[in-house]
Amino acid sequence: MQQPRRLVRALQQNIAQVVVGKDEVIELALIALLCKGHVLIEDVPGVGKTTLASALAKSLDCSFKRIQFTPDVTPSDVTGFSIVNFKTNELEFKPGAVMSQIVLADEINRTSPKTQSSLLEVMEEYQVTIDGVTHPLPRPFLVLATQNPVEFVGTYPLPEAQMDRFFMRISIGYPSIEDEMDILERYSAPVSPLSTLQPVCSAEDILAMQAAVTEIYCSREVRSYVANITSATRHHPALQLGVSTRGAIALIKAAQACALLAGRDFILPEDVQRMALPVLCHRVMLSPEARMKADTPDRIVSSIIDGVQVPVRVK
């Protein structure tokens, strides 16, 4: 129980050298990694979305590739393609950007829906099939996608079914004045903090921690608690689309990782409550009436959690 906690703390401290004052955001990204989930980082420009993804990749001794999505990026750029080798007269596979352990999909909403779908299919299947030949992805495999929610010109918003493929959505937000002063000091130095980061965790360590998460016990009472929360989203008058079963499974997995980092081998309702907003909010769709009232998914999901009875006994 202690080894995963030590490794995650070491990763947090390493990333915090670059992403200042965002310990909660860093921990959420690491929880998604431990749960084999992919992360959508959604926020305004210039708050460190790409920096967070790059710092996480540099802190792991894993392969890393970045895709800068634009309208002219094609599915083959993402997944790879086959080309004839004229020396052997055989098809030769040229791997795309996803054939890496950590993939940064920068500004995913700026590329075409066809290219988005090619990436999201890979995220679900953990493999690439080209010309009938299946190529498994390296493990661990994590996609960190970023998008800017305030610009709509030249963008292609992800459909709800594709948003559901992301394990978690997180926002970084603006730093406090003190944190911004610290950031300005670090980035005004001759050497960028990002360039000095060293790996503190290997791929084998991540795989071991992912296996440890699955051993965390989830009682029947906690499972019932999660099922009641997701069921309430499907019947709430302010929601046109509720949480899917995939979302319920993701919430259990996130709670398992949360319990592991707290040093427990079982889930408490508090773990579910803590992980509910980042795991569930991007999976629901507001009704037209709720949008007219300027309501938000976070507010609706929070009200649902407040209204669901918390189990007293969980073991």
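Keep in mind the model is a prediction, meaning the values are calculated, not measured.

## Focus on the overall build of the chain
Item 1. When helices and strands are tallied, the chain shows 13 helices and 13 strands.
Item 2. The globule rule puts the C-alpha radius of gyration for 315 residues at 20 Å, and the 20 Å found for the chain is close to it.
Item 3. In terms of its C-alpha atoms, the chain occupies a principal-axis envelope of roughly 70 × 45 × 40 Å.
Item 4. Counting over 315 residues, the chain shows a buried share of 50%.
Item 5. Split by element, the accessible area of the chain, about 15,100 Å² in all, is 54% carbon and sulfur.
Item 6. Charged side chains in the chain number 30 positive and 35 negative. The centres of these two groups are separated by 5 Å.

## Some points on the pairing of strand 6 (residues 102-106)
Item 1. Where burial is concerned, most of strand 6 is hidden: five out of the five residues are buried.
Item 2. Residues Ile 102, Leu 104 and Asp 106 line one face of strand 6 and the alternating positions Val 103 and Ala 105 line the opposite face, and both faces are buried.
Item 3. Across five bridges, strand 3 (residues 64-68) lies against strand 6 in parallel orientation. Counted as the bridge partner of Ile 67 is Ala 105 from strand 6.
Item 4. Pairing analysis gives four bridges linking strand 6 to strand 9 (residues 142-147), with the strands arranged parallel. When the bridges of strand 9 are listed, Val 103 appears paired with Val 143.

## Section: the sheet that holds strand 1 (residues 39-42)
Item 1. Judged by pairing direction, the sheet is parallel, and its five strands sit side by side in the order 3-6-9-1-10 without closing on themselves. Looking at strand neighbours, the two that pair on one side only are strand 3 and strand 10 (168-170), the edges of this open sheet. On average, each strand axis in the sheet is tilted by 20° relative to the strand beside it, whichever way the strands run.
Item 2. In this fold helix 2 (residues 23-34) packs onto strand 1, strand 9 and strand 10, with an angle of close to 165° to the strand it touches most, strand 10.

## A word on the environment of Pro 157
Item 1. Here Pro 157 is to be found in the loop between strand 9 and helix 6 (160-163).
Item 2. Pro 157 sits 97 residues away from Leu 60 along the chain, and the two C-alpha atoms are 30 Å apart.

Conventions used here
Residues numbered from 1 in each chain as written. Predicted model: local features only at pLDDT ≥ 70, side-chain atom pairs only at ≥ 80, totals over all residues. Heavy atoms only, no water. Helix = DSSP H or I, 4+ residues; strand = E, 2+ residues; numbered from the N terminus. Rg over C-alpha atoms; globule rule 2.2 N^0.38 Å. Buried < 20%, exposed > 50% of the residue type's maximum accessible area, 1.4 Å probe, protein only. Areas by Shrake-Rupley, 256 points an atom, 1.4 Å probe, with all protein chains shown as cover. Lys, Arg positive; Asp, Glu negative; His and termini not counted. Charge placed at Lys NZ, Arg CZ, Asp CG, Glu CD. Pairing = 2+ DSSP bridges. Axes fitted to C-alpha atoms, helices over the stretch in contact; angles between N-to-C directions. Contact = heavy atoms within 4.5 Å.

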